[in-house]
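Residue-level structure breakdown
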Amino acid sequence: MKLLVVGGAGYIGSHTVRQLRAAGHEVAVFDNLSSGHAEALPGEVELIRGDLLDAASIRAALEAQKPDAIIHFAALIEVGESMRAPGRYYRNNVVGTLNLLQSIVETRKVPLVFSSTAAVYGTTDAVPIPEDAAMQPESVYGETKRMSEQMIHAFHVAHGLPYTVLRYFNVCGAAPGGDIGEAHPNKTHLIELACLTALGQREKMMIFGDDYPTPDGTCIRDYVHVQDLADAHVLAVEALHAGKTDAATYNVGLGHGFSVREVLDAVDAVVGTPLQRELAPRRAGDPPRLVADASRIVDQLGFAPKFTDLRDIVQTAWDWHRTHPQGLGSNNKDPSPLPLAGP
Ligand code: UDP
C-alpha cells in the first residue's frame, strides 16, 4: 500500500512510519515541522513540507502522491495551551482536519485513519471506558478532537469516506534501540519528566495529589507504548484497505492502569537511583482513573500489545532520553513555520 502520513514527523507519527515501512508499505509524510523532526524519518521516506491550513498544499500532495490511504496525526496536543489559546486549537485541529477531508473527497476518496484521544471522554465514572461512553471533553483540545471525529463521520455518511478513529490513552516509551522518542517542546508527561529528572535536568518529581480514591491515592492511567500504538495504526489501515472496516472507532490502551507511584517506582528501578519526590496539590482536571476498555481493537483487529510490563516501557523511554538528553536537537526546527493563527 502507498500511504500519506499527515503529521508523520512527530512522536507517534514517526514511530508509525517505521512500523508501516517494516510491514512493507510505501510512505510519504506531509508535515509543517512546527513540532516534528525531519531527522525522525527514515531516509527513503519523502517529506512534503506543508500545512493543512493551506488547503492547496494538501490537495497538491494528494494529487501528486496518489495514496491508497491516509493517516492523520497533525494536531496541536497540549491541554493547558488549548485553554489559553483556543483559537489556535480550533483553527489548527478542526479547520486543518476539515481542509484535509474536503481535499480527500475532492481528489481521491481513500480511507482515513484519525488520531483521537481519551480526552474526548472527559471525566467519566466508567472503569474501564468503552468506546460508546459519552463524549464530554473538558478541554478545548479534547473538544477539537470530538469535533474532528464528528466531521469525519459526517463525511462518511455524506460521501462514503471510509475511516477508523483511534482514541489513544497515555502514550509513552520510545522505539527500542533509542534513536527516536518523545521530544515535545513543552514537557508535561509523567514518564518523560521522570526521565529528565533522572538526567538532572529537573530537581524533583511532583506527585499531583495522593488523596484520590485509588489504592495508593495517586491517579491511575493506561500507559500504551508508542510502538504498540504504531502497530495499531498498521492494523487499522490494513483493515480499512481490505474493506474489513469502514466506520470504526477503537480505544488504544492496555486495558489496565498504573498509578503515578507505580510509574515513579518503575523509573527508580530502571534508572537505579530513587528520584526525589514531593507531594503537590491535585492538578486541575485530572480524573482519578482513566483506563481503556481495549477489547474492541483486540477482538476486531487482533491488537496484541508487546509492552505490557511497566519496567519494559520505562526502559525504552530511559534509553531514548539518556542518549538524547536534548531531544533531536533544535537545529532541525523549521525557521519559518507556517503561521498558527492566534489568539
Ligand atoms: N503527574 C504527576 N506529576 C507530574 C506529571 C504528571 O503526578 O510531574 C500525574 C498527572 O497528574 C496524571 C498522571 O501523572 O495523574 C499522568 O499525567 P500525564 O501528564 O503524563 O498524562 P495525562 O493523563 O494528563 O494525559
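Fair warning: this is a prediction, and the values are worked out from it, not measured in the lab.

1. A closer look at the UniProt feature "domain: NAD-dependent epimerase/dehydratase" (unreviewed entry) in the protein
- UniProt tags residues 4-253 as "domain: NAD-dependent epimerase/dehydratase" (unreviewed entry).
- The span residues 4-253 is 38% helical and 19% strand by assignment, and the distance between its end C-alpha atoms comes to 25 Å.

2. Thoughts on the packing of helix α1 (residues 11-22) against helix α7 (residues 226-241)
- Put simply, α1 and α7 touch, their axes get as near as 8 Å, and they point 60° apart. Taken as axis vectors, α1 and α7 run oblique relative to one another. The element α1 and its partner α7 pack so that their crossing is right-handed. Where α1 approaches α7, its residues Tyr11, Ile12, His15, Thr16, Arg18, Gln19 and Leu20 are matched on the opposing element by Val226, Gln227, Leu229, Ala230, Asp231, His233 and Val234.

3. Some remarks on the nonpolar core
- Counting residues in hydrophobic clusters, the biggest one holds 102 residues, and the most contacted among them are Val6, Val252 and Val267.
- Not counting the four nearest positions on each side in its chain, Val6 is found in contact with Phe30, Leu52, Ile70, Ile71, His72, Phe73, Ala74 and Leu100.

4. Looking at the site of the ligand
- Near the ligand lie 14 residues; those nearest to it are His189, Leu190, Phe208, Cys219 and Arg283.
- For the shell around the ligand, the secondary structure elements donating two or more residues are α6 (190-198) and β8 (205-208).
- If you tally residues by element for the shell around the ligand, the top one is β8, at four residues.
- Considering only residue class, the shell around the ligand consists of eight nonpolar, three polar and three charged.

5. Considering the pairing of strand β5 (residues 112-117)
- With six of six residues buried, β5 is to be regarded as a mostly interior element.
- On β5, burial covers both faces: Leu112, Phe114 and Ser116 on one face and Val113, Ser115 and Thr117 on the other are all buried.
- As defined by bridge partners, strand β4 (residues 69-72) adjoins β5 across three bridges and the pair is classed as parallel. If you follow His72 over to β5, its bridge partner there is Phe114.
- Relative to strand β6 (residues 163-168), β5 runs parallel, the two sharing six bridges. Paired with Phe114 across the strands is Val165, a residue of β6.
- Viewed along the sheet, the connection from β5 through helix α5 (residues 140-159) into β6 turns out right-handed.

6. Observations regarding α5
- Between its first and last C-alpha atoms α5 spans 28 Å; for 20 residues at 1.5 Å apiece the expected length is 28 Å, and the two agree.
- Those residues of α5 not exposed but buried are Val140, Tyr141, Gly142, Glu143, Thr144, Lys145, Arg146, Ser148, Glu149, Ile152 and Phe155.
- Each element contacted by the buried residues of α5 is listed here: α3 (79-84), α4 (86-106), β5 and β6.
- Positive backbone phi, at 70°, marks Gly160, one or two positions downstream of α5.

7. Description of the environment of Ala40
- Examined against the element boundaries, Ala40 turns out to sit in the loop between β2 (26-31) and β3 (46-49).
- For the pair formed by Ala40 and Ile180, sequence separation is 140 residues and the distance between their alpha carbons is 6.1 Å.
- Those residues within four positions of Ala40 in sequence are excluded, and the remaining contacts are Ala9, Ser14, Ile180 and Leu328.

8. Let's talk about the environment of Pro215
- Here Pro215 shows up in the loop between β8 and β9 (220-221).
- We classify Pro215 as exposed; it has 10 C-beta atoms within 10 Å.

9. A closer look at unusual backbone geometry
- In the segment running from Val127 into Pro128, the intervening peptide bond is cis, with an omega of -10°.
- Topologically, Pro128 is positioned in the loop between β5 and α5.
- The phi torsion at Leu33 lies on the positive side, around 55°, for a residue other than glycine.
- Looking at where Leu33 falls in the secondary structure, it is placed in the loop between β2 and β3.
- Here the phi dihedral of Lys66 falls at roughly 50°; this positive angle occurs in a residue that is not glycine.
- Classification of Lys66 as exposed rests on a count of 11 C-beta atoms within 10 Å.

10. Brief notes about the sheet that holds strand β14 (residues 289-290)
- Ordered by their spatial adjacency, three strands build an open sheet running β12-β9-β14, and the pairing between neighbours is mixed. Two strands bound the open sheet, and with one partner strand each, they are β12 (258-259) and β14.
- Of the strand pairs in this sheet, β9 and β14 are connected by two bridges, and their pairing is parallel. Considered in β14, the bridge of Ile220 is made with Arg289.

11. Some words on the sheet that holds strand β1 (residues 2-6)
- Taking strand neighbours across the sheet as the criterion, the seven strands line up as β3-β2-β1-β4-β5-β6-β11 in an open arrangement whose pairing is parallel. Each having just a single partner strand, β3 and β11 (247-252) make up the two edges of the open sheet. Taking the axes of each pair of neighbouring strands and ignoring which way they run, one obtains an average angle of 20° across the sheet.
- Sitting on the sheet, α5 is in contact with β5, β6 and β11, with an inclination near 155° to β5.

Quick notes on the rules
- Residues numbered from 1 in each chain as written.
- Predicted model: local features only at pLDDT ≥ 70, side-chain atom pairs only at ≥ 80, totals over all residues.
- UniProt positions renumbered as here; feature names shortened; annotations may be inferred.
- Helix = DSSP H or I, 4+ residues; strand = E, 2+ residues; numbered from the N terminus.
- Axes fitted to C-alpha atoms, helices over the stretch in contact; angles between N-to-C directions.
- Parallel < 35°, antiparallel > 145°, perpendicular 65-115°, else oblique.
- Left-handed = near helix turned anticlockwise from the far one by under 90°.
- Contact = placed C-beta atoms within 7 Å.
- Core = buried A, V, L, I, M, F, W, Y, C linked by C-beta atoms within 7 Å.
- Buried ≥ 20, exposed ≤ 12 C-beta atoms within 10 Å, placed from the backbone.
- Near = placed C-beta within 6 Å.
- Nonpolar A, V, L, I, M, F, W, Y, C, P; charged D, E, K, R; others polar.
- Pairing = 2+ DSSP bridges.
- Right-handed = clockwise from strand over helix to strand, strands pointing away.
- Expected span 1.5 Å × (residues − 1).

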